[in-house]
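# Structural overview
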Amino acid sequence: MYASQMYELGAEPNIIRKIFEYSQKRCNEIGEENVFDFCIGNPNVPTPEGFHKAIRELISQKNDYFLHGYTSNAGDQETKRAIAADLNTRYQTSFHEDNFYMTCGATASLRISVEALCEDGDEFITFTPFFPEYRVFVETAGASLVTVETNPDSFQIDFDNLKPAFSEHTKGIIINSPNNPSGVVFSEKSIRTLAGILKDKSEEYGHPIFLISDEPYRELVYDGLKVPFLTKYYDNTLVCYSFSKCMSIPGERIGYILIPDEVENHKSIHAAICGAGRALGYVCAPSLMQHVIAKCAGEVADIELYKKNRDFMYQALTSYGYECIYPNGAFYMFVKAMEEDAAAFCDKAKELELLMVPSDSFGCSGYVRISYCVPLKRIERALPAFQALAKKYQS
Ligand code: PLP
């Protein structure tokens, strides 16, 4: 009568959404100020200056046909030219408009990319901890997800774990740095080593192994750290980008896939991306947003506010005895649960109105994810609860 795989995906929302629903209910019952919700990665800092300015200018200068009409399926040429120019300035690359396919955010970028590359029996590798939707994107495309543990002391890539994960069926590897949920940025040394292994494995199996770089947090890095721009390290790289986080506009649904000229058979891969977008119904990304991006590509919200939250929270939590790998990027902290069962730990936290996400759905056990893209006041108010929670395990 209907597709059972789709029923299961729809009937059982992911854990983050479940906690989000609970949080809404609890806020209605006891007041928002008494619920310490650190679950969802919904950016809370204002959009960058140019964003609303661009909307105002466009609305006052352009007609409705331009603003709200269809663009071509792959996106507006001027928008793609503006994105190429911004990347070329920032990363000394030489992209042009035909390297892009505009999408409704990283979700669409990833799902389209996997669909475009996927043939029967294919496998995609990713590192734990990982964004839980990867499993949905890969499995609904008919491929399987192979997970590889990172180094538990740093959450950097562990190459001894990675090597045995390849097979003749490996089509690609999905990486996400800065990482959700760990906040870790993969080092340049790791990226160089990864690129070398991908080249060797592509030769060994006689077909390209694609690097799919999921980059919604590319600009969200602190402490002067630089995120390596992956197309410069490995030719067969597809970049899945989103403006959701850097511009604080996740509800606007805008992003892109970048298919550089260096990708083997790049024209055919671009055509397959267009085909996958067509088959999945992801054509003509929201046109007003495309025109806005054409005017302000490269602008970033004030990430100093996230840094302030991170510094304050990291210092406080570690002083209470929590353990956490220092997060250099994104707006998440991945904190060790104080008992083996992270879900049980989150249940105890919930009794204190502290809402965090247990790590199991990110493909690893024993941690909780804290999203610190929240008002500083919420962090301040939550500290006694964090302290009380730690004390339960320390006595
Ligand atoms: N990839 C990662 C790692 C994410 O954290 C998210 C959203 O939180 C996405 C992809 C999806 O982003 P978008 O809102 O652009 O679809």
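Remember, predicted model here, so these are calculated numbers, not experimental data. (Residues numbered from 1 in each chain as written. Predicted model: local features only at pLDDT ≥ 70, side-chain atom pairs only at ≥ 80, totals over all residues. Heavy atoms only, no water.)

Before going further, it helps to spend a moment on the overall build of the chain. Helices and strands together make up the secondary structure of the chain, namely 14 helices and 12 strands. Expected size for 395 residues packed as a compact globule is a radius of gyration near 21 Å; at 21 Å, the chain falls within 12% of this value. Expressed as lengths along the three principal axes of its C-alpha atoms, the size of the chain is roughly 65 × 55 × 55 Å. Sequence-distant contacts, at least 24 apart, represent 75% of the contacts inside the chain between residues at least 6 apart. As displayed, the chain has an accessible area near 17400 Å², and 49% of this comes from carbon and sulfur atoms. For the chain, the separation between the mean place of its 38 positive charges and that of its 53 negative charges on side chains is 5 Å. (Helix = DSSP H or I, 4+ residues; strand = E, 2+ residues; numbered from the N terminus. Rg over C-alpha atoms; globule rule 2.2 N^0.38 Å. Contact = heavy atoms within 4.5 Å. Areas by Shrake-Rupley, 256 points an atom, 1.4 Å probe, with all protein chains shown as cover. Lys, Arg positive; Asp, Glu negative; His and termini not counted. Charge placed at Lys NZ, Arg CZ, Asp CG, Glu CD.)

All right, on to the pairing of strand β6 (residues 210-214) then. Burial analysis of β6 places five of its five residues in the buried class, the great majority of the element. Of the two faces of β6, both are covered, the one formed by Phe210, Ile212 and Asp214 as well as the one formed by Leu211 and Ser213. As a crossover connection, the stretch from strand β5 (residues 170-175) through helix α9 (residues 188-205) into β6 is right-handed. Where β6 meets strand β7 (residues 237-242), four bridges bridge the pair, whose relative direction is parallel. By the bridge assignment, Ile212 is partnered in β7 with Leu238. (Buried < 20%, exposed > 50% of the residue type's maximum accessible area, 1.4 Å probe, protein only. Right-handed = clockwise from strand over helix to strand, strands pointing away. Pairing = 2+ DSSP bridges.)

Now for the pattern of salt bridges. Following the criterion strictly, the structure yields 22 salt bridges and no others. With its nearest N and O atoms 3.2 Å apart, the salt bridge here joins Glu139 to Arg135. With Glu139 and Arg135 both in helix α7 (residues 133-140) and four residues apart, this pair spans about one turn of that helix. In this structure Glu139 comes out as partly exposed when scored by relative accessible area, which is 36%. (Salt bridge = Lys/Arg side-chain N within 4 Å of Asp/Glu carboxyl O.)

On to a negative patch on the surface. A surface patch of like charges, here negative, comprises Asp98, Asp235, Asp261 and Glu262. Relative to the assigned elements, Glu262 resides in the loop between β8 (255-258) and α10 (266-280). The class for Glu262 is partly exposed, based on a relative accessible area of 44%. (Patch = residues over 30% accessible without salt bridge, like charges linked within 9 Å, V, L, I, M, F, W, Y side chains within 5 Å.)

Right, let's talk about the site of the ligand for a bit. Lining the immediate surroundings of the ligand are 13 residues, of which Thr107, Asn180, Asp214, Tyr217 and Ser242 lie closest. The contact in question runs from a nitrogen atom of the ligand to an N or O atom on the side chain of Asp214, over 2.6 Å. At 3.0 Å from an oxygen atom of the ligand is found a side-chain nitrogen or oxygen belonging to Ser244. For the ligand, the accessible surface in isolation is 390 Å², of which the surrounding protein chains cover 92%. Looking at the shell around the ligand, the element that brings in the most residues is helix α6 (residues 105-117), giving three residues. (Near = heavy atom within 4 Å. Polar contact = N/O pair within 3.5 Å; in protein donor to acceptor, adjacent residues only side chain to side chain.)

Let's shift gears to the packing of helix α13 (residues 342-351) against helix α14 (residues 376-394). Across the interface, α13 lies against α14 with an axial gap of 9 Å and an inter-helix angle of 125 degrees. The angle between α13 and α14 falls in the class oblique. In the packing of α13 onto α14, the handedness of the crossing is right-handed. Facing α13, whose interface residues are Phe345, Lys348, Ala349 and Glu351, α14 presents Leu389, Lys392 and Tyr393. (Axes fitted to C-alpha atoms, helices over the stretch in contact; angles between N-to-C directions. Parallel < 35°, antiparallel > 145°, perpendicular 65-115°, else oblique. Left-handed = near helix turned anticlockwise from the far one by under 90°.)

What follows is about the pairing of strand β4 (residues 144-149). Where strand β3 (residues 123-128) meets β4, six bridges bridge the pair, whose relative direction is parallel. Paired with Ile125 across the bridge in β4 is Val146. For the crossover from β3 across α7 to β4, the handedness is right-handed.

Mapped onto the fold, Lys80 is located in helix α5 (residues 77-91). One buried charge, Lys80, has no salt-bridge partner; the nearest side chain with opposite charge is Asp98, at 5.1 Å. For Lys80, the contacting residues outside a window of four places in its chain are Ala74, Gly75, Glu97, Phe100 and Met102.

A separate point is the packing of helix α1 (residues 4-11) against α7. It is the contact of α1 with α7, at a shortest axis distance of 12 Å, that shows an interaxial angle of 165 degrees. The orientation of α1 with respect to α7, classified from their angle, is roughly antiparallel. Classified by chirality, the crossing of α7 by α1 is left-handed. The segment α1 lies against α7, with Gln5, Met6 and Leu9 engaging Val136, Glu139 and Thr140. When its residues are assigned to classes, the contact of α1 with α7 shows three nonpolar, two polar and one charged. (Nonpolar A, V, L, I, M, F, W, Y, C, P; charged D, E, K, R; others polar.)

With that settled, the discussion passes to the sheet that holds β6. Strand order in the open sheet made by the seven strands is β2-β8-β7-β6-β5-β3-β4, with mixed pairing throughout. In this open sheet, the two strands that pair with only one neighbour each are β2 (100-103) and β4. If you compare each strand with its neighbour and ignore which way they point, the axes differ by 20 degrees on average. Pairing of β5 with β6 involves four bridges; the strand directions are parallel. Counted as the bridge partner of Ile174 is Ile212 from β6.

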